[in-house]
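Understanding the architecture of this molecule
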Amino acid sequence: MLVCPHDDKLREECGVIGIYKQGAPNLTQMLCYGLIALQHRGQESAGIALNRFGNVVHYKEMGLVQDVFTPAIMQSLGTGDIGIGHVRYSTTGESYVANAQPLVVHYKGGGIALAHNGNLVNAAELRNELEDNGSIFSTTIDTEVIANLIARHYSLGYQEAIIRALQDVSGAYALVITCEDKLIGLRDPYGLRPLCLGEFADGGYILASENVAFDMVGANYLRDIEPGEMVIIDGAGVTSYTYCPPRRKSICSFEYVYFARPDSTVDGRNIYEARREAGKMLAKEHPVDADLVIAVPDSGKSAAIGYAQQSGIPFGIGLIKNKYMGRTFIQPNQEMRELAVRLKLNVLQSNVKGKRLVLIDDSIVRGTTSRRIIDMLKAAGATEVHVRVSSPPVTHSCYFGIDTPNRQHLVAATHSVEQIREMIHADSLGFISQQGLIDAVGLGDQALCTACFNGCYPMTIPQLTIT
Ligand code: SF4
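Residues numbered from 1 in each chain as written. Predicted model: local features only at pLDDT ≥ 70, side-chain atom pairs only at ≥ 80, totals over all residues. Heavy atoms only, no water.

1. Details of unusual backbone geometry
In the segment running from Gln-101 into Pro-102, the intervening peptide bond is cis, with an omega of 5°. You can see Pro-102 is positioned in the loop between strand E4 (82-88) and strand E5 (103-107). In this model, Phe-53 sits at a positive phi of 55°, which is unusual for a non-glycine residue. For Phe-53, a relative accessible area of 77% corresponds to the exposed category. Despite not being glycine, Asp-267 shows a phi value in the positive range, around 50°. (Helix = DSSP H or I, 4+ residues; strand = E, 2+ residues; numbered from the N terminus. Buried < 20%, exposed > 50% of the residue type's maximum accessible area, 1.4 Å probe, protein only.)

2. Quick notes on the state of the cysteines
Applying the stated criterion across every chain yields a total of 0 disulfides. Sulfur of Cys-32: no disulfide; nearest cysteine sulfur belongs to Cys-14 and is 17 Å away. A residue is classified by how much of its surface remains accessible, and Cys-32, at 3% relative accessible area, is buried. Cys-449 supplies the cysteine sulfur nearest to Cys-456, a cysteine that is in no disulfide, at a spacing of 9.5 Å. For Cys-456, a relative accessible area of 54% corresponds to the exposed category. (Disulfide = S-S within 2.5 Å.)

3. Section: the site of the ligand
Taken together, Leu-192, Cys-252, Ser-253, Cys-398, Phe-400, Ile-402, Cys-449, Ala-451 and Cys-452 make up the full set of residues adjacent to the ligand. For the shell around the ligand, the per-class residue count stands at 8 nonpolar, 1 polar and no charged. (Near = heavy atom within 4 Å. Nonpolar A, V, L, I, M, F, W, Y, C, P; charged D, E, K, R; others polar.)

4. Digging into the packing of helix H5 (residues 143-152) against helix H6 (residues 158-168)
Working note: a packed helix pair is described by the angle between its axes plus the distance between those axes. The contact between H5 and H6 brings their axes to 8 Å, and the two run at 130°. On the basis of their axis angle, the class for H5 and H6 is oblique. As for how H5 packs across H6, the hand of that crossing is right-handed. Facing H5, whose interface residues are Ile-146, Leu-149, Ile-150 and Arg-152, H6 presents Ala-161, Ile-162, Ala-165, Leu-166 and Asp-168. (Axes fitted to C-alpha atoms, helices over the stretch in contact; angles between N-to-C directions. Parallel < 35°, antiparallel > 145°, perpendicular 65-115°, else oblique. Left-handed = near helix turned anticlockwise from the far one by under 90°. Contact = heavy atoms within 4.5 Å.)

5. Points about the sheet that holds strand E6 (residues 110-120)
The strand order E5-E6-E7-E8-E12-E13 describes an open sheet built from 6 strands, whose pairing is antiparallel. Looking at the sheet topology across the chains shown, the edges are occupied by E5 and strand E13 (237-242). In this sheet, adjacent strand axes meet at a mean angle of 20° when their direction is disregarded. The pairing of E5 with E6 spans 5 bridges and is antiparallel. (Pairing = 2+ DSSP bridges.)

6. Overview of the confidence of the model for the protein
With 91% of its residues at a pLDDT of 70 or more, the protein has an overall mean of 90. pLDDT under 50 marks residues 1-6. Its contacts with residues more than four places away, or in other chains, come to 38 contacts. (pLDDT = per-residue confidence, 0-100.)

7. Section: the sheet that holds strand E20 (residues 356-361)
Across the sheet, which stays open at both edges, the 4 strands sit in the order E17-E20-E21-E22 with parallel pairing between neighbours. Only two strands of the sheet have a single partner each, and these edge strands are strand E17 (292-295) and strand E22 (428-431). Sheet twist, expressed as the average angle between the axes of neighbouring strands with direction ignored, equals 20°. The strands that helix H13 (residues 368-379) touches are E17, E20 and strand E21 (384-389); relative to E20, the one it contacts most, it runs at about 155°.

8. Overview of the nonpolar core
Counting residues in hydrophobic clusters, the biggest one holds 50 residues, and the most contacted among them are Phe-254, Tyr-256, Val-293, Tyr-307, Val-358 and Phe-400. No other element matches the 6 residues that helix H9 (residues 271-285) contributes to this core. Once you skip the residues sitting within four places of it in the chain, Val-358 turns out to touch Val-288, Ala-290, Leu-292, Val-293, Ile-294, Tyr-307, Ile-313, His-386 and Arg-388. (Core = buried A, V, L, I, M, F, W, Y, C linked by side-chain atoms within 4.5 Å.)

9. Things to note about the pattern of salt bridges
Enumeration according to the criterion identifies 20 salt bridges in this entry. In this structure, Lys-182 and Asp-234 form a salt bridge, with 2.9 Å as the shortest nitrogen-oxygen distance. One end of the pair, Lys-182, is in strand E8 (residues 182-187); the other, Asp-234, is in strand E12 (residues 229-234), with 52 residues separating them in the sequence. Overall, the relative accessible area of 15% leaves Asp-234 in the buried class. Note that Asp-298 and Lys-321 form a salt bridge whose closest N and O atoms lie 2.9 Å from each other. Here Asp-298, found in the loop between E17 and helix H10 (301-311), pairs with Lys-321, found in strand E18 (residues 319-321); they are 23 residues apart in sequence, far enough to count as distant. For Lys-321, a relative accessible area of 22% puts it in the partly exposed group. A single salt-bridge network, built from bridges that share partners, covers Arg-41, Arg-193, Glu-210 and Glu-255. (Salt bridge = Lys/Arg side-chain N within 4 Å of Asp/Glu carboxyl O.)

10. Quick notes on H10
Since one α-helical turn is 3.6 residues long, residues separated by three or four positions face the same way. Listed in full, the buried residues belonging to H10 are Ser-302, Ala-303, Ala-304, Gly-306, Tyr-307 and Ala-308. Where H10 is buried, its residues meet H9, E17, E20 and E21. Downstream of H10 by one or two residues, Gly-312 has phi in the positive range, about 80°.

11. Quick notes on the packing of aromatic side chains
In this structure the tally under the stated criterion is 7 aromatic pairs. A centroid spacing of 5.9 Å and a plane angle of 75° characterise the contact between Tyr-59 and Phe-69, whose relative ring orientation is edge-to-face. Placement of the pair is Tyr-59 in strand E3 (residues 55-62) and Phe-69 in the loop between helix H2 (65-68) and helix H3 (71-77), with a sequence separation of 10 residues. Since its relative accessible area comes to 27%, Tyr-59 is described here as partly exposed. Ring geometry for Phe-400 and Tyr-457: centres 6.2 Å apart, planes at 65°, overall edge-to-face. Residue Phe-400 is found in the loop between E21 and helix H14 (411-414), and its partner Tyr-457 is found in the segment after helix H17 (451-454); the two are separated by 57 residues along the sequence. According to the relative accessible area criterion, Phe-400 is buried, its value standing at 1%. Grouping aromatic residues by their ring pairs yields a cluster made of Phe-254, Tyr-258, Phe-259 and Phe-453. The aromatic ring of Phe-200 is capped on one face by Lys-21, whose charged end is 5.0 Å from the ring centroid. Of note, Arg-127 hangs over the ring of Phe-137, and the distance from its end group to the ring centre comes to 4.1 Å. (Phe/Tyr/Trp six-rings, centres within 6.5 Å; stacked < 30°, edge-to-face > 60°. Lys NZ or Arg CZ within 6 Å of the ring centre and 35° of its normal.)

Written out as structure tokens, the structure is:
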């Protein structure tokens, strides 16, 4: 039996990139390479916008970056000095090409392109208000709300217009924008979604959701954009402004648990190291006698290595992933998730037969996939399966751009740990504690958003938004 591990996970919404490089002969190609490195953050659509002295051209389509940006498409886009790109998995707004990004609009101040990772919690309110005042929307994404707000203030100049627009919005955003002769990067005052800055040794700058994108195009990591910071990049270099006083820092915990690539560093903390530490912490908090530590591939692997190192139980391979079935096949609706369930994982029987296993997973959201995996392992001859999870129980929905089911579908919102253990057919079950995860990430007690574990949202969630 084959099982898909991705139908039971939280999903990141988007990845963003922006490059400013004067005289670049191949800017489109560089943006493509960067987007391929960010592909894990969204597999439904991909887009690139190039800004040639205020004349913005763009192309976006449903599909993976390498399928969307064929050599012919890249050639037709041409090149330029400034460009931005986006990969998307939809959480707000339906999944069709008009909702793909970058969003390109033309207003009295000129052409502007925006790429947004995150979710506004007051988008519905703002949209109603804008529509009441005559604004017309051509997409259902909240990024268009930001674009409309910028247009409303255009007479103040692009910089002030963007700042005024963001004073009205509440929520999570890492934004990359290009207009006039500028590349602009902004991070919300809580720093919920990541955004970092790099530079090219031969001149030019790059912004991206994760610094793995820098490696793909030969740029060097400089620093993360701070919460509430706006950077403006042009011929004069990088200018930084605090456009809004930073609030209590609230980087999404799931960047460290699952979303970001292990070879990325988010806000100064390498993801692989954070996951390995979480695995070690899990071994301290939930020890068990067993013969082999295995991971739900691929995202449970770093934590499994940490669990093995701390416990002294050997790490091995128990589950094999079908790497030729891309995540793009799994459409974001329940019906397709169910169909895809059997396609992705198989058991390495010779390695698990007769063994007491510790199975490391990064999260349990609905619990349906865990049960299938454990049943498969037992059918293959595992004598015991002890499940250890490197995130705390997910008990609350996310409103900041992460696709979580409604609360009633979150298994930990309605079941105790013991009830979940029974439900998934595990011999024992242990989740890392919230403090354990915070300590493993190592950025201090006041750095992470942990709202989906405890319901303490970093900002007020409007009633209209609550599910
Ligand atoms: Fe991340 Fe959870 Fe906070 Fe959403 S609620 S931003 S998934 S930690």
